[in-house]
Amino acid sequence: MVTNERQEIFRALADPVRRALLQSLWSGPKPVGRLAARFTVSRPAVSKHLKLLRDAGLVSEERRGRERVYRLETAPLAPVGEWITALSAVPRRRVRSAARRRRRPTAEERPSAWRVW
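Small disclaimer: the values here were computed from a predicted structure and weren't measured.

## Section: the overall build of the protein chain
(1) Moving on: Summing up its helical and strand segments, the protein chain has five helices and three strands in all.
(2) Moving on: Put simply, the protein chain has 117 residues, and 23% of those count as buried.

## Some thoughts on the packing of aromatic side chains
The way to describe two aromatic rings as a pair is by their centre distance and the angle between their planes.
(1) Moving on: Considering all chains together, one arrives at one aromatic pair under this definition.
(2) Moving on: For the pair Phe10 and Trp83, a centre-to-centre distance of 5.4 Å together with 70 degrees between the ring planes defines the contact as edge-to-face. In this pair, Phe10 is assigned in helix H1 (residues 4–13) and Trp83 in helix H5 (residues 77–101), connecting sequence segments 73 residues apart.
(3) Moving on: Take Trp83: its relative accessible area is 35%, and that puts it in the partly exposed class.

## Let's talk about the pattern of salt bridges
(1) Moving on: All told, the structure shown has six salt bridges when counted by the stated rule.
(2) Moving on: The salt bridge involving Arg68 is made with Glu61; its shortest N-O contact spans 3.2 Å.
(3) Moving on: Relative accessible area serves as the criterion here: at 32%, Arg68 is assigned to the partly exposed category.
(4) Moving on: Classification of Glu61 as partly exposed rests on a relative accessible area of 26%.
(5) Moving on: Taken together, the shared-partner salt bridges connect Arg54, Glu61 and Arg68 into one network.

## Some words on a nonpolar patch on the surface
(1) Moving on: On the surface, Trp83, Ile84 and Leu87 cluster together into a nonpolar patch covering about 280 Å² of accessible area.
(2) Moving on: Its place among the elements puts Leu87 in helix H5.
(3) Moving on: Under the relative-accessibility criterion, Leu87 is labelled partly exposed at 47%.

## Quick word on the sheet that holds strand E1 (residues 30–31)
(1) Moving on: Ordered in space as E1-E3-E2, the three strands form an open sheet in which the pairing is antiparallel. With partners counted over all chains shown, the strands left at the sheet margins are E1 and strand E2 (59–64), one partner each.
(2) Moving on: Where E2 and strand E3 (residues 67–72) come together, six bridges link them in antiparallel fashion. Note on E3: the bridge partner recorded for Arg63 is Arg68.
(3) Moving on: Along the sheet face, helix H2 (residues 16–25) touches E1, E2 and E3 and points at about 90 degrees away from the line of E3.
(4) Moving on: On top of the sheet, helix H4 (residues 43–55) reaches E2 and E3; it is set at about 120 degrees to E2, its chief contact.

Reading the values: rules and limits
Residues numbered from 1 in each chain as written. Predicted model: local features only at pLDDT ≥ 70, side-chain atom pairs only at ≥ 80, totals over all residues. Heavy atoms only, no water. Helix = DSSP H or I, 4+ residues; strand = E, 2+ residues; numbered from the N terminus. Buried < 20%, exposed > 50% of the residue type's maximum accessible area, 1.4 Å probe, protein only. Phe/Tyr/Trp six-rings, centres within 6.5 Å; stacked < 30°, edge-to-face > 60°. Salt bridge = Lys/Arg side-chain N within 4 Å of Asp/Glu carboxyl O. Patch = residues over 30% accessible without salt bridge, like charges linked within 9 Å, V, L, I, M, F, W, Y side chains within 5 Å. Areas by Shrake-Rupley, 256 points an atom, 1.4 Å probe, with all protein chains shown as cover. Pairing = 2+ DSSP bridges. Contact = heavy atoms within 4.5 Å. Axes fitted to C-alpha atoms, helices over the stretch in contact; angles between N-to-C directions.

Structural data, given as structure tokens:
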């Protein structure tokens, strides 16, 4: 079951603008004006996206005079990464167990080239 905390993170990651904002912050903290300049959406729209990211715990905000500087917070992403890693491992286990369950064909079922004379 996905916790409320993870649901907030997944909601935040669902939007391509918010993912791009997180990617912009990967290289280091940036003021909101510098972040907003990279997008075609309005500055108030970028601020709303940043608020949602902040509420999910994915970014932190620091006021420096009149400027707001945002920083990426990677710790909340760890459980999401673990979940994705676990999920990606499931098909491999299923394939291996299915391969183990296969039975060998009987002599009559084998193609004639397989039969030993």
